[in-house]
Amino acid sequence: MNASTSVSNTSITRRLEFDAGHRIPNHDGQCKHLHGHRYAIEITLSGEILTHPGKADDGMVLDFGDIKRLASKNLVDIWDHAFLVAENDLVVVNFLKTIPDHKTVLLDRVPTVENLAYLAFTILKPIFSDAFGDRLYLSLIRLYETPNCWADYSGAVFNS
Ligand SMILES: [Zn+2]
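These numbers were taken from a predicted model, which means no experiment stands behind them. (Residues numbered from 1 in each chain as written. Predicted model: local features only at pLDDT ≥ 70, side-chain atom pairs only at ≥ 80, totals over all residues. Heavy atoms only, no water.)

Coordination sphere of the zinc ion, protein contribution only: H22 (NE2), H35 (NE2) and H37 (NE2), at 1.9 to 2.0 Å. In the primary structure, the donors to the zinc ion are separated according to the pattern H-x12-H-x1-H. Pair noted here: H22 is in strand 1 (residues 10-22) and H35 is in strand 2 (residues 35-47), with a separation of 13 residues, a long-range link. (Donors = N, O, S within 2.8 Å, 3.2 Å for Na, K, Ca; no water. Helix = DSSP H or I, 4+ residues; strand = E, 2+ residues; numbered from the N terminus.)

Structural data, given as structure tokens:
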């Protein structure tokens, strides 16, 4: 990047929705029961606006269709209509194994919305960097468990 080039940092967000079941095994309220949510995930990418006169992506950070395609294939289609379960929640893991062809996603942590946002970010971050290099980056995952409850994850914070 030479000194005469200005760098803009613009963020774009694609929202996708999916249905999934979960439970929080040690919750002291309703969340310990098997139940589901209509989750909404907002995937935010940041980078420079492309200057490609005459090309389809002129004036874009990235085509929204590319975000949908990569996020669906690598995350949303896998979690949609699945039961998201902590691998150490053995009573549920073992129960789900008794259902033929059940769509179960084993997680290394309890499926709170905070942990799911973290996991979604961890899965998708390298997908976008492998596809687009350093011209853009996954800057935020916002995951709604309900319309009024959500978690944001934007990567590790390094101490300086
Ligand atoms: Zn829940």
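Picking up where we left off.
One non-glycine residue, H81, adopts positive backbone phi at about 60°. Following the sequence through the fold, H81 ends up in the loop between helix 1 (64-79) and strand 3 (82-86). We note that D101 has phi near 60°; this positive angle belongs to a residue other than glycine. Here D101 lies in the loop between helix 2 (90-97) and strand 4 (104-107). Taking relative accessible area as the criterion, D101 reaches 83% and is therefore assigned exposed. (Buried < 20%, exposed > 50% of the residue type's maximum accessible area, 1.4 Å probe, protein only.)

Our focus in this paragraph is the sheet that holds strand 2. Pairing within the open sheet is mixed, and its 6 strands lie in the order 4-3-1-2-5-6. Looking at which strands have only one partner, the edges of the open sheet turn out to be strand 4 and strand 6 (149-153). Direction aside, neighbouring strands of the sheet carry axes that sit 35° apart on average. Sheet analysis places strand 2 next to strand 5 (residues 136-146), joined by 8 bridges and oriented antiparallel. Its bridge partner lying in strand 5, I41 is registered against L143. On top of the sheet, helix 1 reaches strand 1, strand 2, strand 3 and strand 4; it is set at about 20° to strand 1, its chief contact. (Pairing = 2+ DSSP bridges. Axes fitted to C-alpha atoms, helices over the stretch in contact; angles between N-to-C directions. Contact = heavy atoms within 4.5 Å.)

Throughout the structure, instances matching the rule amount to 8 salt bridges. R15 serves as the salt-bridge partner of E17, at 3.4 Å between the closest nitrogen and oxygen. E17 sits in the partly exposed class, given a relative accessible area of 38%. The partner of R38 in a salt bridge is D19, with the nearest N and O atoms 2.9 Å apart. Separated by 19 residues along the polypeptide, R38 in strand 2 and D19 in strand 1 bring together distant segments of the chain. Exposure remark for D19: the relative accessible area of 24% places this residue in the partly exposed category. Linked by salt bridges that have partners in common, R15, E17, D19, R38 and E42 make up one network. (Salt bridge = Lys/Arg side-chain N within 4 Å of Asp/Glu carboxyl O.)

Side-chain alternation along strand 4 places V105 and L107 on a buried face and T104 and L106 on a face that remains uncovered. Pairing of strand 3 with strand 4 involves 4 bridges; the strand directions are parallel. Looking across to strand 4, one finds that L84 is bridged to V105. Once the chain exits strand 3 it traverses helix 2 before rejoining the sheet at strand 4, and the crossover so formed is right-handed. (Right-handed = clockwise from strand over helix to strand, strands pointing away.)

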